[in-house]
Amino acid sequence: MSLPLYAIEEVVPHRQDMCLLDRILRWDQDSIEAELVVPEAGLFIEDGAVPAWVGIEYMAQAIAAWAGCRARTAGNPPQLGFLLGSRRYASTRSSFPSGTRLQVQARCELLGDNGLGMFACRILAGEEEWAVANVSVFEPADSMAYLESGQA
């Protein structure tokens, strides 16, 4: 079965400067690969590069895109999710230079019925791995009710 490739704007809630990914390259029921070109200007640019810690947000947005693709394919709108944290984030670089094409990969390792998930993520520049982490996320069944409850 061939899965549709959605535009980033169709599957993640981030807009304008906060939407850091450019496009989805591929996705399936367990993983996603997205792509971006590090911009010349924007919120996180410092001295012609993005600090490597922004890689966590690249990973989180790839996970959001994966969840959004699954929701759209099931006929539902994407839901808000929350980045809970990461373990073992390691980057071989202190920053990602503007103009660099990066691939962001996320593979679902665990997804509970309660909305908690763990993903193995990495960022590649060509064939070279620049960052890796395990990322924990939470997608409540009703994100708006969860926000209104004050638990977020």
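A brief structural summary. (Residues numbered from 1 in each chain as written. Predicted model: local features only at pLDDT ≥ 70, side-chain atom pairs only at ≥ 80, totals over all residues. Heavy atoms only, no water.)

Quick look at the environment of Ala 106 now. When you line up the elements, Ala 106 lands in strand β6 (residues 101–111). A relative accessible area of 4% places Ala 106 in the buried class. Between the alpha carbons of Ala 106 and Leu 43 there is a distance of 24 Å; along the sequence they are 63 residues apart. With residues near it in sequence (within four places) discarded, Ala 106 still touches Asp 30, Ser 31, Ile 32, Ala 62, Ile 63, Phe 119, Ala 120 and Cys 121. (Helix = DSSP H or I, 4+ residues; strand = E, 2+ residues; numbered from the N terminus. Buried < 20%, exposed > 50% of the residue type's maximum accessible area, 1.4 Å probe, protein only. Contact = heavy atoms within 4.5 Å.)

A full pass over the atoms with the stated rule returns four aromatic pairs. Between Phe 44 and Trp 53 the ring centres are 5.9 Å apart and the planes differ by 90°, which places this aromatic pair in the edge-to-face class. Aromatic side chains Trp 66 and Phe 119 sit 5.3 Å apart centroid to centroid with 75° between the ring planes, which places their arrangement in the edge-to-face category. Highlighted residues: Trp 66 in helix α2 (residues 55–73) and Phe 119 in strand β7 (residues 116–125), separated in sequence by 53 residues. One aromatic cluster is present, built from ring pairs that chain together Tyr 58, Phe 96 and Trp 130. (Phe/Tyr/Trp six-rings, centres within 6.5 Å; stacked < 30°, edge-to-face > 60°.)

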